[in-house]
Amino acid sequence: MSTHEPERDYLWDREGEPDPLVQRLEGLLRDFGHDGRALPPLRRPRRRWPLWTAAAVAAAAGIVFTVLATTPEPQLQPGAAPRTFAAGKEPVVVPLGELAAITLRPGGELRFEHWRDDQALFRLERGALTARVAPPPAVAPDFFCIDTALGRVTDK
C-alpha cells in the first residue's frame, strides 16, 4: 500500500489549497448563490386562452370569408328574382345554364329583370358586355334581350 496521501482538489471538495482565480470567481458570484431556503413551488404559467380564442375566431372568420368570396352565385333560371351584377377590376360571367353566358367587362353593371317562358330581360346600366347564346333551336330568336341607353339588343 502506498503511504502517499491523495492530492486534495479545492475546486471539487473544497479541501486543499484554493486557487486564486477560483477564489476570485467565487467572490464575484457569491451574491448569486443559493441561500439554503426552500424553493417556492412552481407556479403554472398564465393561461393564454384569450389569445388562442382570438386567433381561432380570426381563422374561422377568414375561412368563412374565403368560402363566401369564392362561392359562385347561383345560375340564373326561370322565375329568379331580379338582381344586379357589377364587375370591379375583373370581368364577371353571368351564366344562364347551357343556353347562354354573359361576360360583363370591368367597371360594368348589369341588371337582371326577369326570365319568363318567352323572354330573359337584362338592363345594361353602364359599361360593356359580350354574350354567347346557343343557336336555335336551343334558344328561340329574340329570347335574350338587353336594354341599353340607346335601345334594346336581342339575339336574332
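Everything numeric in this text was worked out from a predicted model, so none of it was measured. (Residues numbered from 1 in each chain as written. Predicted model: local features only at pLDDT ≥ 70, side-chain atom pairs only at ≥ 80, totals over all residues. Heavy atoms only, no water.)

Undergrad: Explanation requested: the overall build of the chain in the structure shown.
TA: A tally of regular secondary structure across the chain gives three helices and eight strands. Taken from N to C terminus, the helices and strands of the chain fall in the order α-α-α-β-β-β-β-β-β-β-β. Each of the 156 residues in the chain was classed as buried or not, and the buried ones make up 19%. Restricting to contacts in the chain with at least 6 residues of sequence separation, those with at least 24 account for 37%. (Helix = DSSP H or I, 4+ residues; strand = E, 2+ residues; numbered from the N terminus. Buried < 20%, exposed > 50% of the residue type's maximum accessible area, 1.4 Å probe, protein only. Contact = heavy atoms within 4.5 Å.)

Undergrad: Any chance you could explain the pattern of salt bridges here in plain terms?
TA: Note on pairing: side chains with opposite charge can pair once their charged atoms come close. Here the structure, examined in full by the defined rule, presents five salt bridges. The closest approach of N and O atoms between Glu 113 and Arg 123, which form a salt bridge, is 2.8 Å. One end of the pair, Glu 113, is in strand E4 (residues 109–115); the other, Arg 123, is in strand E5 (residues 120–126), and ten residues separate them in sequence. The exposure class assigned to Arg 123 is partly exposed, which follows from its relative accessible area of 34%. When the shortest N-O distance is used, the salt bridge between Asp 147 and Arg 152 registers 2.6 Å. (Salt bridge = Lys/Arg side-chain N within 4 Å of Asp/Glu carboxyl O.)

Undergrad: What exactly am I supposed to notice about the sheet that holds strand E3 (residues 100–104) here?
TA: Spatially, E2-E3-E6 is the arrangement adopted by the three strands of the open sheet, whose pairing is antiparallel. Edge positions in the sheet fall to strand E2 (92–96) and strand E6 (129–133), since each has one partner strand and no second. Taken over all neighbouring pairs, the strand axes of this sheet differ in orientation by 15° on average, direction set aside. Note: E2 against E3, five bridges, orientation antiparallel. Looking across to E3, one finds that Leu 96 is bridged to Ala 100. (Pairing = 2+ DSSP bridges. Axes fitted to C-alpha atoms, helices over the stretch in contact; angles between N-to-C directions.)

Undergrad: How do you make sense of the layout of surface pockets when you look at a structure like this?
TA: Taken as a whole, the largest pocket spans an internal volume of roughly 150 Å³. Lining the largest pocket are 14 residues, and of these Leu 129, Ala 131, Phe 144, Ile 146 and Val 153 sit closest to its centre. Listing elements by their share of the lining of the largest pocket, those giving two or more residues are E3, E6, strand E7 (144–148) and strand E8 (151–154). Per-element tally for the lining of the largest pocket: the top contributor is E7, with four residues. (1 Å grid on protein atoms, 1.4 Å probe; cavity = no way out; pocket = protein on both sides within 12 Å on 5 of 7 lines; lining within 4 Å. Points joined across faces, edges and corners; volume = space filled by probe spheres on them.)

Undergrad: Sorry, what's going on with the environment of Arg 123 here?
TA: Between the C-alpha atom of Arg 123 and that of Thr 84, which follows or precedes it by 39 residues, the distance is 9.2 Å. With sequence-adjacent residues up to four places away left out, Arg 123 is seen in contact with Glu 109, Leu 110, Arg 111, Glu 113 and Asp 147.

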